Amino acid sequence: MTANLKLPRSFYDRDTETVARDLLGKHLVRVDGARRMRGRIVEVEAYVGAHDLAAHSSKGVTPRTRVMYGPPGHAYVYLIYGIHHCLNVVTEAEGNGAAVLIRALEPVTGIGGNTRGPGLLCRALGIDRRLNGEDLLGNELFIEDAGEELRDRVVAAPRVGVAYAGDWAGMPLRFYLQENGWVSRK
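Definitions and cut-offs
Residues numbered from 1 in each chain as written. Predicted model: local features only at pLDDT ≥ 70, side-chain atom pairs only at ≥ 80, totals over all residues. Heavy atoms only, no water. Buried < 20%, exposed > 50% of the residue type's maximum accessible area, 1.4 Å probe, protein only. Helix = DSSP H or I, 4+ residues; strand = E, 2+ residues; numbered from the N terminus. Contact = heavy atoms within 4.5 Å. Phe/Tyr/Trp six-rings, centres within 6.5 Å; stacked < 30°, edge-to-face > 60°. Lys NZ or Arg CZ within 6 Å of the ring centre and 35° of its normal.

**Focus on helix H3 (residues 118–125)**
- Taking burial as the measure, the eight residues of H3 include six buried ones, the bulk of the element.
- Listed in full, the buried residues belonging to H3 are Pro118, Gly119, Leu121, Cys122, Ala124 and Leu125.
- Elements in contact with the buried residues of H3: strand S2 (27–32), strand S3 (35–47), strand S5 (84–91) and strand S6 (98–109).
- Gly126 sits one or two positions beyond H3 and adopts a positive phi of about 65°.

Structure, rendered in structure tokens:
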């Protein structure tokens, strides 16, 4: 892919674990009025479908998870603990209920605040439930190819905060860039 091009829908319409790994190094862009914020994605978690007991989609289609079951390349934004928003990217074919959680960003331009953690990055970029279902091919929230190839720097580890998910809790579905200071947890 050429640098600084918005990712096409076909990028998201692939295996969730592959999309998660390939998102590392890409730039998340948030445009809010005249303000343009850009951060390099340095940590993600894959939620591979309704059979993944750590995924919200494991409970079936609900008003909350409907976006996860929709077409790929849309934002799934939800509120946890009543205070933190989390941004996910819907992946795979419509009906699979798969997504990638964006866990941490390295600020590039226009971002003030801590972006080490999903709730903190959403606060820093002004991402909330109003962006739930947003098409990532639009102009308000999207991901661009930054032209970096980072596969040799990707670390796989268990996801954070999913102990309730049985065997799924230990699956190495969290990916981050080795030795990056903006990763939320090592």
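**Quick notes on the packing of aromatic side chains**
- Summed over all chains, the structure comprises two aromatic pairs.
- Ring centres of Phe11 and Tyr12 lie 5.3 Å apart, and the angle between their planes is 85°; on these two criteria the pair is classed as edge-to-face.
- On the accessibility criterion, Phe11 (4% relative accessible area) is buried.
- Judged by centre distance (5.2 Å) and plane angle (40°), the ring pair of Tyr76 and Tyr78 falls under tilted.
- It is Arg14 that lies over the ring of Phe11; its NZ or CZ is 4.5 Å from the centre.

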